[in-house]
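# Commentary on secondary and tertiary structure
For reference, the chains in residue letters:
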Amino acid sequence: MAYYSTQVVIIGAGPAGLALAIKLDQLGVENVVLEKRAKEYVLARVRAGILEQTSVDILSSIGADTRLNEEGIPHHGVQLAFDNTLTKIGLGVNTGGKIVTAYGQTEVTKDLCDLRARSPNKTFYEAKDISLHDFDTSAPSVTFNRDGKSYHIDCQIIAGCDGYHGVSRASVPKGAINIFEKSYPFGWLGLLADVPPVSAEIIYANADRGFALCSMRSWSRSRYYIQCKPDDDVKQWSDDMFWDELRHRLPEAVADKIQTGPSIEKSIAPLRSFVAEPLRFGRLVLAGDAAHIVPPTGAKGLNLAFSDIYYASEAIAAFFDEKDEEALSHYSERALKRVWKTQRFSWYLTNLTHRFTEDTFEQRVKEAELGYVTSTPTGRQMIAENYVGMPL
Ligand code: APR
Ligand code: PHB
């Protein structure tokens, strides 16, 4: 058994874990990151790609914005499509200048990973059988196996940044945690292709046949999604079937302009809303997907992970600088306020744009609401303010 000791053990090297590690490096808090997957696997995951201004600011504050500033694509508006029409909602004009930036989570993770590689603090990839111990005391520890060797790390705080299926939340006794969740009767079938995007701004489409989304990764790489059945098998969907269905769900003027090409990635993701409360259990704090999941409508998952890290790093710094144990509880309260506001918007936008049932009455009401939010200053402002993200 190899013994180490550090101030904070961070479990998970996704965007939440890496951003926290870099922030703590800068604050002079010693830390170790443990990731169960290989680095190449983590870097190959394709996920969403829209950053709120708040997230861009957080990435800048930790020096992870060089490529983001060069390659990120600022979006000054978002498009809502329904009833064969397309309506723009201006972002900056409705939010005092705040906008969003298209930059793939895959790229964000790579930038964070490169930055972390320069830290003297350790990152262990392929760390197997991670177990959390004694986080209800002031002397927690974490054990794991790697390359046939066993490790034991004593620490003062454990940060669970290991996603929805991770070990951190699962280690909390059932009676100490409250779970709030909702699943949706559909999934998203996503396709990535090296073709120019159909629109310079993201399109969220409500159609009789179901939801569709047009997004991008660059001016030559597009990301499209369509609502599908939750139990659909991705192998049932040929590229041609996907493109046909997408065109059927968009206003004709948009559908006519779509450039198609072979998929470079195609996958189905379920939609769910999920929140764990609280986010602190003694010396364990949860952040990112380990703590909450939002449906992808509105692209809030990655952004919420970064706001958690903003609050968590402040709390951890106060814990070490001022010996303020209560700061960890304040992390939970502060982060959860923003989590619930963002949950509300993600749930709302999912309801507004998706087809839940065959009920035509419900569909007409959604079209009327889309008419309202796109045609009134109040409606446009509500969508824009939420889309660019709530203030920290
Ligand atoms: N031990 C160590 N690492 C683990 C374990 C475990 N038992 N279980 C999971 N992990 C790792 C995963 O392999 C992954 O690399 O934790 C990491 C969690 O990363 P993400 O799932 O990306 O979650 P997070 O960092 O919170 O990022 C927020 O934003 O767009 C959303 O869901 C999307 O990933 C995204 C999220
Ligand atoms: C994406 O680009 O993958 C994307 C964009 C907007 C969303 C979800 C995903 O709401």
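Here is a short report on the structure shown in this document. (Residues numbered from 1 in each chain as written. Chains lettered and ligands numbered in written order. Predicted model: local features only at pLDDT ≥ 70, side-chain atom pairs only at ≥ 80, totals over all residues. Heavy atoms only, no water.)

### Concerning the overall build of the protein chain
Heads up, the rule is: Runs of H or I in DSSP of at least four residues are treated as helices and runs of E of at least two as strands, each being numbered from the N terminus. Atoms counted for the radius of gyration: C-alpha only. Globule rule: 2.2 Å times residue count to the power 0.38. Throughout, exposure labels follow a simple rule: accessible area from a 1.4 Å probe, protein chains only, divided by the maximum for the residue type, with under 20% read as buried, over 50% as exposed, and the rest as partly exposed.
Scanning the protein chain for helices and strands turns up 13 helices and 21 strands. A globule of 392 residues ought to have a C-alpha radius of gyration of about 21 Å, and the protein chain, at 21 Å, matches this closely. Seen along its three principal axes, the alpha-carbon backbone of the protein chain occupies a region of about 65 × 40 × 40 Å. Across the 392 residues that make up the protein chain, the buried fraction comes to 57%.

### Concerning the sheet that holds strand β4 (residues 50-52)
Our working rule: Strand pairing requires that DSSP identify at least two bridges connecting the strands. The convention used is that axes are lines fitted to C-alpha atoms, helices contributing only their stretch in contact, and that angles between N-to-C directions extend from 0 to 180 degrees. Any two residues whose heavy atoms approach within 4.5 Å at even a single point are treated as in contact.
Taking strand neighbours across the sheet as the criterion, the three strands line up as β4-β8-β5 in an open arrangement whose pairing is antiparallel. The two strands at the open ends of the sheet, each matched to only one other strand, are β4 and β5 (73-75). Recorded for the sheet is a direction-independent mean angle of 30° between the axes of neighbouring strands. In the sheet, β4 pairs with strand β8 (residues 100-102) via three bridges, with the strands oriented antiparallel. Residue pairing for β8: Glu52 is matched across the bridge by Val100. Running over the sheet, helix α3 (residues 53-61) touches β4 and β8 and is turned about 85° from β4.

### Regarding the nonpolar core
This is how the line gets drawn: For this analysis, a nonpolar core means a set of buried residues of the types Ala, Val, Leu, Ile, Met, Phe, Trp, Tyr and Cys, connected via side-chain atoms within 4.5 Å.
Formed by 78 residues in total, the largest nonpolar core has its most connected members in Leu34 and Leu112. Among the elements that take part in this core, helix α10 (residues 301-322) stands out by supplying 12 residues, more than any other. Residue contacts for Leu112: discarding those within four places in its chain leaves Pro15, Leu18, Ala19, Ile22, Leu59, Ile62, Ala64 and Phe306.

### Thoughts on the site of ligand 2
Note the following rule: A single heavy atom is enough: if one lies within 4 Å of a molecule or strand, its residue is considered near that molecule or strand. What qualifies as a polar contact is a pair of N or O atoms within 3.5 Å, subject to a donor-acceptor requirement within protein and to the restriction that residues adjacent in sequence count only when both atoms come from side chains.
Close contacts around ligand 2 come from 14 residues, with Tyr204, Ser215, Arg217, Tyr225 and Pro296 the closest. Tyr204 is positioned such that a nitrogen or oxygen atom in its side chain is 2.6 Å from an oxygen atom of ligand 2. Contact between ligand 2 and Ser215: an oxygen atom at 2.6 Å from a side-chain N or O atom of the residue. At the level of secondary structure, the elements contributing two or more residues to the shell around ligand 2 comprise β16 (212-218) and β17 (221-228). Element by element, the count of residues in the shell around ligand 2 is highest for β16, at three residues.

### Observations regarding the pairing of β17
Within β17, seven of the eight residues are buried, which leaves the element mostly enclosed by the surrounding structure. Inspection of the sheet shows strand β14 (residues 178-193) paired to β17 by seven bridges, in the antiparallel sense. The residue of β17 that forms the bridge with Gly190 is Tyr225. Bridge count for β16 against β17 is six bridges, and the pairing is antiparallel. Counterpart to Ser218 in the pairing with β17 is Arg221. Where β16 folds back onto β17 in an antiparallel hairpin, the turn is made up of two residues.

### Notes on the environment of Ala16
Relative to the assigned elements, Ala16 resides in helix α1 (residues 15-27). Taking the C-alpha atoms as reference, Ala16 lies 6.3 Å from Phe306; in sequence the two are 290 residues apart. The residues contacting Ala16, other than those within four sequence positions of it, are Cys161, Gly288, Ala305 and Ile309.

### Regarding the site of ligand 1
Keep this limit in mind: For every accessible area listed, the method is Shrake-Rupley and the probe measures 1.4 Å; residues are considered covered only by the protein chains on display.
The immediate surroundings of ligand 1 are formed by 24 residues, with Glu35, Arg45, Arg47, Gln105 and Asp289 found nearest. Between ligand 1 and the protein, one listed contact pairs an oxygen atom with a backbone N or O atom of Pro15 at 3.3 Å. One of the backbone N or O atoms of Ala16 is found 2.9 Å from an oxygen atom in ligand 1. Here ligand 1, which alone exposes 710 Å², has 90% of that area covered by the protein. Among the elements of the structure, α1 and α10 are those that each provide at least two residues to the shell around ligand 1. Considering each element in turn, the shell around ligand 1 owes the most residues, three residues, to α10.

### Things to note about α1
Cut-off, in case you're wondering: Expected span of a helix, by definition, is 1.5 Å for each gap between consecutive residues, and there is one gap fewer than residues.
Taking 1.5 Å per residue, 13 residues should reach 18 Å; α1 reaches 18 Å between its end C-alpha atoms and fits that length. Of all the positions in α1, only Pro15, Ala16, Gly17, Leu18, Ala19, Leu20, Ala21, Ile22 and Leu24 are classed as buried. Summarising the contacts, the buried residues of α1 are in contact with β2 (8-11), β3 (31-34), α6 (105-117), β13 (157-160) and α10. Phi for Gly28, located one or two positions after α1, is positive at around 80°.

### What about the side chain of Arg169?
Heads up, the condition is: Here the positive residues are Lys and Arg and the negative ones are Asp and Glu; neither His nor the chain ends is included. The salt bridge definition used is simple: a Lys or Arg side-chain nitrogen within 4 Å of an Asp or Glu carboxyl oxygen.
Tracing the chain through its elements places Arg169 in helix α7 (residues 167-170). In this structure, Arg169 is buried with no salt-bridge partner, the nearest side chain bearing the opposite charge being Asp162 at 6.9 Å. In this view, Arg169 contacts Gly163, Tyr164, Ile177, Ile179, Phe274, Ala276, Leu286, Asp289 and Ala290; residues no more than four positions away in its chain are not counted.

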